[in-house]
2 protein chains.
Amino acid sequence: MSYNYEYARAALTVDCVVFGLDDESLKVMLIERAIKPFKGKWALPGGFVNVGESLDDAAERELREETGLRQVFLEQLYTFGNPKRDPREHVVSVAYFALTNLEGHDVKADTDAANAAWFAVDDLPQLAFDHEAIVEAALDRLKGKVRYRPVGFELLPEKFTLTQMQKMYEMILEKEMDKRNFRKKVLKLGVLRDTNEVQKDVSHRAAKLYEFDEKAYRKLEKAGINFEV
Amino acid sequence: MSYNYEYARAALTVDCVVFGLDDESLKVMLIERAIKPFKGKWALPGGFVNVGESLDDAAERELREETGLRQVFLEQLYTFGNPKRDPREHVVSVAYFALTNLEGHDVKADTDAANAAWFAVDDLPQLAFDHEAIVEAALDRLKGKVRYRPVGFELLPEKFTLTQMQKMYEMILEKEMDKRNFRKKVLKLGVLRDTNEVQKDVSHRAAKLYEFDEKAYRKLEKAGINFEV
DNA sequence: TCAAAAGTGTTCATCTTACACCCATGG
DNA sequence: CCATGGGTGTAAGATGAACACTTTTGA
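All of these numbers come straight from a predicted model, not from anything done at the bench. Every chain begins its residue count from 1, and numbering advances along the sequence as written. Lettering for chains starts from A, numbering for ligands starts from 1, and both go in the order in which the items are written. With the structure being a predicted model, the display of local features is reserved for residues of pLDDT at least 70 and the display and counting of side-chain atom pairs for 80 or more, all residues being used for whole-chain, interface and lining totals. Water and hydrogen atoms were dropped before computing side-chain values, which therefore reflect all heavy atoms in the structure.

Our focus in this paragraph is the overall build of chain A. Numbered from the N terminus, helices here are DSSP runs of H or I no shorter than four residues, and strands are runs of E no shorter than two. Assigned secondary structure in chain A consists of 5 helices and 10 strands. Seen through its C-alpha atoms, chain A measures out along the principal axes to roughly 65 × 40 × 30 Å. Throughout, a contact is declared for two residues whenever any of their heavy atoms are within 4.5 Å. Considering only intrachain contacts with a sequence separation of at least 6, the fraction spanning at least 24 residues in chain A is 65%. Looking at chain A as shown, the accessible area adds up to about 12400 Å², and 46% of this sits on carbon and sulfur atoms. Per-residue and other accessible areas were derived by the Shrake-Rupley procedure at a 1.4 Å probe size, with only the shown protein chains allowed to occlude residues.

And the structure:
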């Protein structure tokens, strides 16, 4: 089977920058390429968009196929179209960025990717294609977005402590924050619900656990009050 | 001549949302389609991306070819890939948004477009394809961006009065601002250079003319001080 | 009883907002 | 001399930044 067009066409792919967080650092998921070009190099999960398939669907599908991840927060980032970015031919890639909580997402490359793993964003291996630039753009977007949109919660477990939340902001924004001011500010926002539970199995005073209250957030958003950390 | 691929490929286009400003309103440039589909309907300037051509180049080229505009501020916005957005086949469009000052840019459709004209954003005709959604996205981006990036200056003449600048913000953000507070704030930012010139041919006290001081802005940006209106 | 992290208020400086009148110019 | 927009300051309230000690818990 083959397809014929009057004019030449670039190929179209999606690539996903998936962020995860643990105690140590902000991480990105990479897969080891099983095929040429850049065979053996680390790259972002992604692949070709099918004709008739929306871009969002393609990103979701590739993520599922290559990393086993589903139902993560996924948002279009930017489209990379430099004709030299792929050595084979002109391949335009629509990049997505995704946030997920690392806990319980042990990655197994359950498909044709050779291998999948999390890497700290400040210690990435050399990447295939222009994927370094894509990760860079995703990081910029994350940094810009996290301060005025409640996206960071996707990186945390469902129930989290204020200290975990503060550390998330500190890791993403790469600056330290004052504990008292941080708590005052986020509690005043009114989007955290106290679960009346506390941490278990910690060898110090157990912290309260909070949840992000999506409904409350939507209400505030409609009222024109804006989230800002 | 024809081109052959092993897998089907979507077509790739760019579309540009070009904003301009006059005393009355924020405007968008549209062209009347000379060919099917949607022949006779208004649409965003744009067209097919050539293989081997970068997306930015394609956007610039299409803008030049279809509207005669050059050297406008042009930035990638979002990529629209719904397979149904073009009735012919799956066409993925990378949308750009552009800012230009309307003065002296009399549009002449100097090419194959039937006609080109400016329309107030709050009074657009029915548009071809999903171009309404694209304009919407561009407006959202403009509103979000103008408050913390000095992009609005692209919409003003090179030398402008503070009142013109204030009106620009009021039109984009759709809310009124206090004259004294506005002036205090923007002058304190330190990115406006007083040209020592004043308006001519006005039948009232002539206002001072200012220029945007790009160098000063870059310095402040490097120092980590951020622009915010 | 010690180590480790949780939790909590006040002060000072800065920024935001609201608000009204005189000035310069051309017709 | 009048119409039109240009230009200016102050006070009150809200917000942001700096800062240190006590509490709880498990080992």
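After presenting the structure, the write-up continues.
The environment of DNA strand D is formed by 18 residues, the closest being A:Arg205, B:Lys179, B:Lys184, B:His204 and B:Lys208. Nearness of a residue to a molecule or strand requires only that one of the residue's heavy atoms be within 4 Å of it. Taking the atoms of DNA strand D that fall within 4 Å of the protein, sugar and phosphate contribute 38% of them. Within the side chain of B:Arg180, a nitrogen or oxygen atom sits 3.5 Å from a base nitrogen of DNA strand D. The contact in question runs from a base oxygen of DNA strand D to an N or O atom on the side chain of B:Lys184, over 2.9 Å. Going through the elements one at a time, helix 4 (179-189) of chain A together with helix 4 (179-189) of chain B are the ones with two or more residues in the surface near DNA strand D. No other element matches the 5 residues that helix 4 of chain B contributes to the surface near DNA strand D. Just so you know the grouping, Ala, Val, Leu, Ile, Met, Phe, Trp, Tyr, Cys and Pro go in nonpolar, Asp, Glu, Lys and Arg go in charged, and all remaining residues, Gly too, go in polar. Residues that form the surface near DNA strand D fall into these classes: 2 nonpolar, 6 polar and 10 charged. For this analysis, a polar contact is any N or O atom pair within 3.5 Å, provided that within protein one partner can donate a hydrogen and the other can accept it, and provided that sequence-adjacent residues contribute only side-chain to side-chain pairs.

Ring pairs shown here join Phe, Tyr and Trp side chains whose ring centres sit within 6.5 Å, with only the six-membered ring taken for Trp; geometry is labelled stacked below 30 degrees between planes, edge-to-face above 60, and tilted in between. Considering all chains together, one arrives at 23 aromatic pairs over all chains under this definition. Centre to centre, the rings of A:Trp42 and A:Phe119 are 4.8 Å apart; their planes meet at 70°, and the pair counts as edge-to-face. Residue A:Trp42 is located in strand 4 (residues 42-43), and its partner A:Phe119 is located in strand 8 (residues 115-120); the two are separated by 77 residues in the primary sequence. We classify A:Phe119 as buried; its relative accessible area is 17%. Judged by centre distance (6.0 Å) and plane angle (45°), the ring pair of A:Phe212 and A:Tyr217 falls under tilted. Each residue's exposure class comes from its accessible area (1.4 Å probe, protein chains only) as a fraction of the maximum for that residue type: buried when under 20%, exposed when over 50%, partly exposed otherwise. On the basis of relative accessible area, A:Phe212 is assigned to the buried category, the value being 18%. An aromatic cluster of three or more residues is present, and its members are A:Phe153, A:Phe160, A:Phe212, A:Tyr217 and A:Phe227. When the ring centre of B:Tyr5 is taken as origin, the NZ or CZ atom of B:Arg9, which lies over that ring, is 3.9 Å away. Should the NZ of a Lys or the CZ of an Arg lie within 6 Å of a ring centre and within 35 degrees of the ring normal, that charge is described as sitting over the ring.

By nearness alone, 20 residues border DNA strand C, and A:Lys179, A:Lys184, A:Lys208, B:Asn181 and B:Val202 come closest of all. For DNA strand C, the fraction of atoms within 4 Å of the protein that belong to sugar or phosphate moieties is 42%. A:Thr163 has a polar side-chain atom sitting 3.0 Å from a phosphate oxygen of DNA strand C. Looking at the surface near DNA strand C, its residues break down into 2 nonpolar, 6 polar and 12 charged.

Between two packed helices, both the angle of their axes relative to each other and the distance between the axes serve to describe the pair. All names here are of chain B. Only the stretch in contact is used when fitting a helix axis, every axis being a line fitted to C-alpha atoms; angles between N-to-C directions are given from 0 to 180 degrees. At their nearest, the axes of helix 3 (residues 162-173) and helix 4 sit 11 Å apart, and the two run at 100° to each other. It follows that helix 3 is roughly perpendicular to helix 4 by the angle criterion. For the pair helix 3 and helix 4, the contacting residues are Leu162, Thr163, Met165, Gln166 and Tyr169 in the first and Lys179, Phe182, Arg183, Val186 and Leu187 in the second. The residue inventory of the contact of helix 3 with helix 4, partitioned by class, reads 6 nonpolar, 2 polar and 2 charged. Oblique is the label for any angle not under 35 degrees, not over 145, and not in the 65 to 115 range, which are roughly parallel, roughly antiparallel and roughly perpendicular in turn.

Let us look at the environment of B:Leu162. All names here are of chain B. Relative to the helices and strands, Leu162 is located in helix 3. Sequence-wise, Leu162 and Gln71 are 91 residues apart; in three dimensions their C-alpha atoms are separated by 25 Å. Each residue touching Leu162, except ones within four places of it in the same chain, is listed here: Phe182, Arg183, Val186, Leu187, Leu192 and Tyr210.

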